[in-house]
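Here are the chains, one letter per residue:
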Amino acid sequence: MAGRFFSQLGQTLLISWGIITLLFLLTRTLPNEQDLLARFASSSVPLAASAQQLQVAQAQARHRLGLDIPLFYLTQADVSEAPLAPRWRWTGTQNQYHRWLSKLLQGDTGQSYRTGEPVGELLRGSLYHTVSLTLLSAALLAGLSLPLGIWLAVSGRRLALATLFALDTLPLFVVALLLLLFLASPDMLALFPAYGLGTDAVSFRSAPINYLSYLVLPVASLVLTGITAPAVQLAGALQVEIKKEYVLAARAKGLSAAEALRRHALRNALLPSITLLTDLLPNLLAGSLVVELIFALPGFGRLLAEAAAARDFPVLLAGVGLVVVVRQISLWLAEALYLLADPRLRNRPA
Amino acid sequence: MTSTGLRTKRNWSWHLSLGWLLLLAAAALLADLFSLPTGPDLLRSNAAPLTPGHLLGTDSQGQDVLRGMLYGARTALLVSIPTTLLASALGTALGVAAGYWGNTRLRIPKHWLGSVAVALIFYIFFAAPANSVLAGWWPWCTAGGGLLLSVALSRFSQWRTTVALPVDSLVSAAIVFLAALPRLLLVVLVATAVTPSVTTLVLLLTLTFWVPTARLIRAEVRRIRWLPYLEAAVALGLPAHQILLRHVLPNCWHVVRTAVPLSLAILISLETTLSFLGVGLPPELPSWGRLLAAGRIAPSCWWLIVFPTIALLLTALSLRRLVAAPEPHSRVLQAP
């Protein structure tokens, strides 16, 4: 058990490090440094500046952002005349990647290129809304897919299934737009507020009902698009389990059909659903990107999308790193849940 | 999916689905033949459907919605069809390799492996002297050197022994690596960083989209691998490429055939999502996602939301209908 635990942990760390490093190199080596510098130079330099002043300002901006040192341990060497000249030059530890990673390990995620605020605070502020959005959706998805799956398995309604599949085929943003069109537009039913979080700083503590009313449509769109997969999967697993002999034995023992299903078949049918659980949180985080843009919620997804559009790499990398870590933790949790739920797996060689 | 999933019943809904898809393809191909208003009609912006000259109305810029729908169909197919084909090909190749050879059965002679490694290291770490004749031919020089080295090494018996290449582990590692980020997030992040164009988007989607096909094919080939007819083919001494092309591939073809329409549907919805977010495709390219984005800004113009939604829904359901059985609760639920 302990060996499996540590190998899993090592794998988690390795994958997270690999992805973050890859994204770091991929986003920094693209030729867009000039736009970045232009933006910074324009804010601090008077309009009628000479070319030389602009250059000085750009050099200062590069130094402030730490872009004046090499990117990675190796840089491309200059073209030389010597036969078999090395293509790469070793630059030592004074490089952007080393500096960024060592700061990250000390818990310092740097500052946003756009606003100059510390990235950690930006992420914390945005996560406040996103965590309530995703946790509410996750709880609703888990709570609703269970009875829905049982109902589908027992009754097998064609119409309900067709509706579920139609919801599943539509992209998330279309469902969100349809909800906006029908439930929050002045022409139809204006039941819910359409955009944002209302007037300044509505928080859960000060006005819970008001705060929740702003979350109804975003949560509804996440739940509606996400519910088909777990419900249909559970229904399929239940249909397989119901036909097995142990259910027949339970019925022969005198249990009613509903009770045999609930107390015997359901446990076995729930096992494959653990796999879906691992995808749930990361997928909801990705979905929050779309939903927060549509409903103008100041959350994590919107922060990431805006950071990507503005090439604000410190924010982008920290956000992506967070998603990767959440994903790895949920994978790891699922493994533990499997071992808890199914004793047969514990003795199997890894 | 076993062979029961193969035969879809061809009743009226199957024909309807096929008809809609053909209509979509025709709209995408023949969009230039209709004489539709091209520029913005500034006199009639936000016009409702059935306005003279604009059958499906216009958006807030006065652009014709029907034109956006037709050219949007073209964009959707232009992105999704090449991506599906490329991703299926890549996924099939990797899945077959991982499933057939596993971790131990692809054995490569040491002299071959060693010379490739030396040539690669040479190419990556050293440059030819600039301004010399060699500069343009450097890749060919290193490749030729590697070939010579391999011939030379093969004379020694200890270099002629073989080592196993862990294909299965390599493919699985790539899958785990790609699965570490949700696909939508990954595509959005990379697509914002590169210059938007159809080619880069197709390449990016291909590189992230081969995973499901590879998984399915790998599982299927691992099943086929130990069937008697394949053992017979191996025992006959057929070369690997002949076994793969004539015995393995035809038997996992049905997996690809069911996976292609489904991934086409997913890619079309991904393309509209990206266009809706304004990511990955040049802004002047019309798309259903852009119509929907215009509808978000003007929520009272229902026609901007309803028509693209209907088109998306019909397309996705038709593609699904082509592979799924007509009674969803009996057959789809039984699929593992």
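Definitions and cut-offs
- Residues numbered from 1 in each chain as written.
- Chains lettered and ligands numbered in written order.
- Predicted model: local features only at pLDDT ≥ 70, side-chain atom pairs only at ≥ 80, totals over all residues.
- Heavy atoms only, no water.
- Contact = heavy atoms within 4.5 Å.
- Buried area = accessible area lost by both parts, 1.4 Å probe.
- Polar contact = N/O pair within 3.5 Å; in protein donor to acceptor, adjacent residues only side chain to side chain.
- Helix = DSSP H or I, 4+ residues; strand = E, 2+ residues; numbered from the N terminus.
- Salt bridge = Lys/Arg side-chain N within 4 Å of Asp/Glu carboxyl O.
- Buried < 20%, exposed > 50% of the residue type's maximum accessible area, 1.4 Å probe, protein only.
- Domains from an automatic or database assignment.
- UniProt positions renumbered as here; feature names shortened; annotations may be inferred.
- Nonpolar A, V, L, I, M, F, W, Y, C, P; charged D, E, K, R; others polar.
- Axes fitted to C-alpha atoms, helices over the stretch in contact; angles between N-to-C directions.
- Parallel < 35°, antiparallel > 145°, perpendicular 65-115°, else oblique.
- Patch = residues over 30% accessible without salt bridge, like charges linked within 9 Å, V, L, I, M, F, W, Y side chains within 5 Å.
- Areas by Shrake-Rupley, 256 points an atom, 1.4 Å probe, with all protein chains shown as cover.
- pLDDT = per-residue confidence, 0-100.

### Some thoughts on the interface of chain B and chain A
Each partner contributes to the interface: chain B provides 46 residues, whereas chain A provides 56 residues. Summed over both partners, the interface of chain B with chain A buries about 4,700 Å², with 74% contributed by carbon and sulfur atoms. Connecting chain B to chain A are four residue pairs in polar contact (both at pLDDT 80 or more). Counting residues per element, the ones that place at least two in the side of chain B that touches chain A are helix H3 (110-125), strand S2 (126-127), helix H6 (167-178), helix H7 (183-193), helix H11 (240-277), helix H12 (288-297), helix H13 (303-323) and helix H14 (328-331) of chain B. Ranked by residue count, the leading element in the side of chain B that touches chain A is H13(B), at eight residues.

### Details of the pattern of salt bridges
Scanning the model with the defined rule gives eight salt bridges over all chains in all. A salt bridge links Asp168(A) to Arg320(B), with the nearest nitrogen and oxygen atoms 3.2 Å apart. With Asp168(A) in helix H6 (residues 158-169) and Arg320(B) in helix H13, this residue pair bridges two chains. Classification of Asp168(A) as partly exposed rests on a relative accessible area of 29%. Given the relative accessible area of 23%, Arg320(B) is considered partly exposed.

### A closer look at the domain arrangement of chain B
Interface size is commonly expressed as the accessible surface area that is lost when the partners come together. For chain B, the assigned domains read domain 1 (3-105 + 169-322) and domain 2 (107-164). Each of domain 1 of chain B and domain 2 of chain B has a C-alpha centre, and the two are 40 Å apart.

### So, the UniProt feature "transmembrane region" (unreviewed entry) in chain B
All names here are of chain B. The positions UniProt marks with the feature "transmembrane region" (unreviewed entry) are residues 76-100, 112-131, 137-157, 169-191, 197-217, 229-249, 261-281 and 301-319. Annotated as residues 76-100, this span is 100% helix and 0% strand, and its ends, taken at the C-alpha atoms, are 35 Å apart. Between the end C-alpha atoms of residues 137-157 there is a gap of 32 Å, over a span that is 81% helix and 0% strand.

### Considering the domain arrangement of chain A
Residue and element names in this part refer to chain A. Taken domain by domain, chain A holds domain 1 (50-112) and domain 2 (119-345). Contacts between the two partners involve five residues from domain 1, matched on the other side by eight residues from domain 2. The largest contributions to the domain 1 side of the interface with domain 2 come from Trp100, Thr109 and Ser112, which together make up 80% of the buried area. Joining domain 1 to domain 2, the criterion identifies zero salt bridges. At the boundary of domain 1 with domain 2, the tally comes to one residue pair in polar contact (both at pLDDT 80 or more). Broken down by class, the residue content of the side of domain 1 that touches domain 2 amounts to one nonpolar, four polar and no charged.

### What about the UniProt feature "transmembrane region" (unreviewed entry) in chain A?
All names here are of chain A. Per the UniProt entry, the sites bearing "transmembrane region" (unreviewed entry) are residues 12-30, 127-152, 159-184 and 211-235 in this numbering. Between the first and last C-alpha atoms of residues 127-152 the distance is 35 Å; the span itself is 100% helix and 0% strand. Overall, residues 159-184 shows 88% helix and 0% strand. The separation of its end C-alpha atoms is 27 Å.

### Quick word on the packing of helix H12 (residues 273-294) of chain A against helix H13 (residues 300-309) of chain A
Packed helices, taken two at a time, are described by their axes: the angle between them and the distance between them. Residue and element names in this part refer to chain A. At their nearest, the axes of H12 and H13 sit 7 Å apart, and the two run at 80° to each other. With respect to H13, the element H12 is oriented roughly perpendicular. On H13, the residues that touch Leu285, Ser288, Leu289, Glu292 and Leu293 of H12 are Phe300, Gly301, Arg302 and Ala305. Of the residues that constitute the contact of H12 with H13, the class distribution is five nonpolar, two polar and two charged.

### With respect to a nonpolar patch on the surface
A contiguous nonpolar surface patch, about 1,000 Å² in accessible area, is contributed by Leu74(A), Trp88(A), Trp90(A), Trp112(B), Leu113(B), Val116(B), Leu120(B), Ile121(B), Tyr123(B), Ile124(B) and Phe125(B). Those elements that place two or more of their residues in the nonpolar patch are strand S3 (88-90) of chain A together with H3 of chain B. Per-element tally for the nonpolar patch: the top contributor is H3(B), with eight residues. Summarising the element assignment, Trp88(A) is placed in strand S3. A relative accessible area of 33% places Trp88(A) in the partly exposed class.

### Some details on the confidence of the model for chain B
Residue and element names in this part refer to chain B. For chain B, the average pLDDT comes to 83, and 92% of its residues sit at 70 or higher. Taking the mean pLDDT of every element in chain B, the minimum, 40, falls on H14 and the maximum, 92, on helix H2 (residues 65-101). This stretch, residues 1-6, has a pLDDT under 50; its non-local contacts, to residues over four places away or in other chains, come to seven contacts. Predicted confidence is poor over residues 325-336, with pLDDT under 50, and the contacts of this stretch with residues over four places away or in other chains come to 22 contacts. Confidence metrics for the complex model read pTM 0.81 and ipTM 0.78.

### A word on unusual backbone geometry
Residue and element names in this part refer to chain A. One non-glycine residue, Ala296, adopts positive backbone phi at about 55°. Relative to the assigned elements, Ala296 resides in the loop between H12 and H13. The exposure class assigned to Ala296 is partly exposed, which follows from its relative accessible area of 22%.

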